[in-house]
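Report on the structure
What follows is each chain in one-letter form.
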Amino acid sequence: MTTRTSASGLAWKRTACSALQLFGIVLLGAALAVPGWAQSYPSRPIRLVLPFPPGGSTDILGRIVAQSLSERLGQPVVSDNRPGLGGYLGLEIASHAANDGHTITIASLIYASGPMTYPHMKFDPVRDLTPIGQISEAPNFVVIHPAVPARSLKELVDHVRANPKKLNYASSGTGSTLHLSAAMLNSATKMDLVHVAYKGGGGPAMTAVVAGEVQMIVLGPASIPHFRAGRARALAVLSEQRVSVASDVPTAREQGFDVVVAGWHGLLAPARTPRPIINRLNKEWVQSANSAGVRERLEKLGFFPRPGTPEAFSAYLKTETERWTRLMKEIGIKPAV
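Residues numbered from 1 in each chain as written. Predicted model: local features only at pLDDT ≥ 70, side-chain atom pairs only at ≥ 80, totals over all residues. Heavy atoms only, no water.

**Some details on the overall build of the chain**
Going by this rule: Helix and strand assignments come from DSSP, with helices taken as H or I runs of at least 4 residues and strands as E runs of at least 2, each series counted from the N terminus. We call a residue buried when its accessible area falls under 20% of the maximum for its residue type, exposed when it is over 50%, and partly exposed in between, using a 1.4 Å probe and counting protein chains only. Should any heavy atoms of two residues lie within 4.5 Å, those residues are considered in contact. Each accessible area is a Shrake-Rupley estimate made with a 1.4 Å probe; only the visible protein chains count as cover when residues are assessed.
Per the secondary structure count, the chain includes twelve helices and eleven strands. Across the 337 residues of the chain, 51% fall into the buried class. Relative to all contacts within the chain whose residues are 6 or more apart in sequence, the contacts with residues 24 or more apart total 77%. Counting every atom, the chain has about 15500 Å² of accessible surface; 58% of that belongs to carbon and sulfur.

Written out as structure tokens, the structure is:
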């Protein structure tokens, strides 16, 4: 009885070992196959979905990213402007693309605010998009039309308080960076400004300020040429410290208002894009962003490169989403109709 049991046990062990060896061979084959497959990527031009129209900060940044990735990947990276819903529509369009790495997109604060702003949409950025890596951060400037009688943020606050609901601020849509940055400033300073959303991103919104249709905007680097040319006036920058591209513009904190809101951008791909492709895209962007040429070009325009891992960007997105969900409730931002 003992001998038969031992023989059976040995046979079972031999079968188990064979199965494990076969499984190991399969895993090894898969591991060896992935790098070769990844090396063939990209096999055709890559579409970069830009959720805003030409002329705004996202478009300016996106074209720099597209050019640098094209050079490193050996395939054209073609910008595809898809504006709408404060940038949320472009993210949704990108999420429906094939998850083979040939469609990527650039996200901004709307990634974090979109689910609360547009709850009727079935799209969920956390579920339907995969982080590749952060691109940059950028300062937001408080900019007014020259006809507004204010030379500082305090003077603007006093003027608006004396004229409640008579001044407007422009944005690129409900829940966008422009909207939430100005709404936070409006709430913190207890001003009573009226929100006016413009279709087409920051470009048309800034044009409206220059034309005097609205009196104020909170906008990133795309505003710099306008206030440098005297078409508008910058009263404050909503950053921790003054920025080198506009060192003469004081922070809101310097003027007694504790408001800090940084704009940011990052690369995303459709959900379930294979990890080797995500890693390749991240690697190429990080190396590009760390090159002197690209870094200098971005910083000259007011963007500060923040290259990092997909995991770091994923954690950042989680923090931003939690932060803006809380702040939107505190400010009283209601869902868009």
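**Some points on the packing of aromatic side chains**
Our working rule: Stacked, tilted and edge-to-face pairs are distinguished by plane angle, under 30 degrees for stacked and over 60 for edge-to-face with tilted covering the rest, among Phe, Tyr and Trp rings (Trp via its six-membered ring) whose centres lie within 6.5 Å.
One pass over the full model with this rule turns up five aromatic pairs. Here the aromatic rings of tryptophan 264 and phenylalanine 313 are separated by 6.2 Å at their centres, their planes lie at 75°, and the arrangement is edge-to-face. Here tryptophan 264 is found in strand β10 (residues 263-270), whereas its partner phenylalanine 313 is found in helix α12 (residues 310-331), with 49 residues between them in sequence. In terms of burial, tryptophan 264 and phenylalanine 313 fall into one category: buried. On the numbers, 5.6 Å between centres and 85° between planes, the contact of tryptophan 264 with tyrosine 316 is edge-to-face. Here tryptophan 264, found in strand β10, pairs with tyrosine 316, found in helix α12; they are 52 residues apart in sequence, far enough to count as distant. For tryptophan 264, a relative accessible area of 1% translates into the label buried. Pairwise contacts between aromatic rings join Tyr88, Tyr118 and Phe123 into one cluster.

**So, the pattern of salt bridges**
Filter applied, for reference: Salt bridges are defined by distance alone: a side-chain nitrogen of Lys or Arg within 4 Å of a carboxyl oxygen of Asp or Glu.
Applying the stated criterion across every chain, the model contains 18 salt bridges. The salt bridge involving arginine 127 is made with aspartate 128; its shortest N-O contact spans 2.9 Å. On the basis of relative accessible area, arginine 127 is assigned to the partly exposed category, the value being 47%. Judged by its relative accessible area of 17%, aspartate 128 falls in the buried class. A salt bridge links glutamate 299 to arginine 295, with the nearest nitrogen and oxygen atoms 3.7 Å apart. In this pair, glutamate 299 and arginine 295 are both assigned in helix α11 (residues 292-301), four residues apart and thus about one turn of the helix distant. Of the residues examined, arginine 295 reaches a relative accessible area of 27% and is grouped as partly exposed. Each of Arg47, Asp80 and Arg82 takes part in one network of salt bridges that share partners.

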